[in-house]
Amino acid sequence: MRFVHRPVSRRRVATVGAVVALAVGGPALGLGTSPTQAHPPRAADPIQAPALPGAPPIARADRVYTADQSSNTVTVIDPRTRTVLGTIALGDQRLGGDLGPQYLRDVDVHGLGFSRDGRYLDVVSVTTNTVTVLRTADNSVVSRTNVGRAAHEGFFAPDGETVWVADRALARVDIVDALHGGVVGEVATDDGPSKVLFSPDGRYAYVNHIRSATIDVVKVSSRKVVQRITGLADVFSSDMAISPDGRELWAAHKKVGKVSVVDLRSGQVTSVLSTGPDTNHPAFVTTPSAGYVYLTVGGQNATKIYQRRPGQAPLLVGSVPASGVEPHGIWPSPDNSTVYVVNEHSDSVDIIDTATRTRVDTLHVGQEGQALVYVAGAVPQGPGTQNLGRQGLDQPVRNADATVTAGPGHVQVTVRGVKGLDMVQLQGSGLTPNATYTAYAARGADQVPLVSFTADAQGAAPQVLAFVTFLGVYEITGVQVRPSQ
């Protein structure tokens, strides 16, 4: 394993950072090319999701992974047996040594991606700005690289040799040498890139943003932005997904509860859907009869199902209630039979049968799951349980609504057992903009202040944290949130 940041070299990087901004409706750039026409996968490579109909069924070699932000782990699941095999610890569980001056491991394990051959997994930790590459066969660390500020989501390029990761605090995508470590290139983008995905044919990368209502289209061979798709529903798009035919992109807008549907052949936004508060991640599911998108909507604790209709706006055709709170990351199996959803505030994964559109199982995973991916062919041989532990598993977690004593708004309370203390997390919405509040815990007739916070200009408080011995001392249903005097 190497831990290195390799500076960008002009000798090694021929062209980076150029931007050509084209108007919406500009050249199609061949973006609708069938994935079998340009760069077909090697015969030995498995078919990865999202996939067109005809992929092999769920197999022993496949794995599902979740990125667990509070336990700083990656949970490893066998989808065939629906078994949690263990976790890969990339850092200390909160609040371990991760606040200490000598701490060197990862903090806030968040983003996931994988190589098309299924041999490697990339993990992005947002607070330490690290990209860790894991070997899926034995869960070992291959490389760890420091990248730019507030790195969020990254994905392997089709060559299987580099990981492209979006740096949210910058206007840049870093290109990481996956096997040896080090930043070996960069692409200048619009402000606040959030995620990078690649077209099925491998010719283009797509970048969404959290400070620009645009999608950047990057030609992989030149590492240049060759098209900028404008007109998205909001400047903040945390996540997105691309259809398996490469023709459509769904960009989720968490803060305003909408989705922009983009036709990648024309470079135009064709629909804007009002989907619900805390719209998180989309996933494409394609059957012989129709195409669908499963969309996690955290504020409604549901996964909504939309049918894709050529030439028309997508149609809402169903909704699957979550077993827990705040469904977030989502990914289908390549055969489109099953969808996996991680519940961020319940530390669980729901398994959805797409034929019946019902939840058929729930697994308990690491703490505060964010991204989730399904990787076909991850463990071709052997058990694939090497280097796994139990960090973050089987920990208590409780959820309730706090009582807001005055004024508008809703505050959700999540309490987790973490190392040494309990983590109390508040998530507020619809509060008085820019107002300051204090949360209190009840113990008998006593009201004990836990934490004070200020809502933003939209009346939201996305994540307020306090660390205290709570479970067994206070009742979660007795938490009150009061405007500060």
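If you're wondering where the values come from, they're calculated on a predicted model, not measured in any experiment.

Analysis parameters
Residues numbered from 1 in each chain as written. Predicted model: local features only at pLDDT ≥ 70, side-chain atom pairs only at ≥ 80, totals over all residues. Heavy atoms only, no water. Helix = DSSP H or I, 4+ residues; strand = E, 2+ residues; numbered from the N terminus. Rg over C-alpha atoms; globule rule 2.2 N^0.38 Å. Contact = heavy atoms within 4.5 Å. Buried < 20%, exposed > 50% of the residue type's maximum accessible area, 1.4 Å probe, protein only. Pairing = 2+ DSSP bridges. Axes fitted to C-alpha atoms, helices over the stretch in contact; angles between N-to-C directions. Polar contact = N/O pair within 3.5 Å; in protein donor to acceptor, adjacent residues only side chain to side chain.

Student: For this particular structure, what's the right way to read the overall build of the protein?
Tutor: When helices and strands are counted, the protein shows 0 helices and 37 strands. The C-alpha atoms of the protein give a radius of gyration of 22 Å, which matches the 23 Å a tight globule of 485 residues would have. Overall, the protein is about 70 × 50 × 45 Å in size when its C-alpha atoms are taken along their principal axes. Long-range contacts, defined as pairs at least 24 residues apart, comprise 53% of the intrachain contacts of the protein with a sequence gap of at least 6.

Student: Would you explain the pairing of strand β22 (residues 291-297) in this entry?
Tutor: Regular strands show a simple pattern: their side chains alternate between the two faces of the sheet. Extensive coverage of β22 is indicated by the burial of 7 of its 7 residues. A two-sided burial pattern is seen for β22, the buried positions comprising Gly291, Val293, Leu295 and Val297 on one face and Tyr292, Tyr294 and Thr296 on the other. By the bridge criterion, 6 bridges tie strand β21 (residues 279-286) to β22 in an arrangement that is antiparallel. Note on β22: the bridge partner recorded for Phe284 is Val293. In this antiparallel pair of consecutive strands, β21 and β22, the connection spans 4 residues. Pairing between β22 and strand β23 (residues 302-309): 6 bridges, direction antiparallel. If you follow Tyr294 over to β23, its bridge partner there is Ile305.

Student: Looking at this structure, I do not really get the sheet that holds strand β10 (residues 162-167). What am I missing?
Tutor: One key point about sheets: their strands pair by backbone hydrogen bonds, in either a parallel or an antiparallel sense. An order of β9-β10-β11-β12 is seen for the 4 strands of this open sheet, with the pairing classed as antiparallel. Edge strands, defined here as strands with exactly one partner in the open sheet, are β9 (151-156) and β12 (183-188). Here the strands of the sheet are splayed against their neighbours by 25° on average, with no regard to which way each runs. As paired elements, strand β11 (residues 172-177) and β12 share 5 bridges and run antiparallel to each other. By the bridge assignment, Val176 is partnered in β12 with Val183.

Student: How should the side chain of Asp106 be read in this particular structure?
Tutor: With respect to the secondary-structure elements, Asp106 resides in the loop between β4 (83-89) and β5 (109-114). For Asp106, a relative accessible area of 0% gives the class buried. Of note is the side chain of Asp106, whose polar atom sits 3.4 Å from the side chain of Ser125. Residues within four places of Asp106 in sequence aside, it is in contact with Asn72, Leu90, Gly91, Asp92, Ser125, Thr128, Thr130, Thr132 and Arg144.

That is the geometry; function is a separate question.
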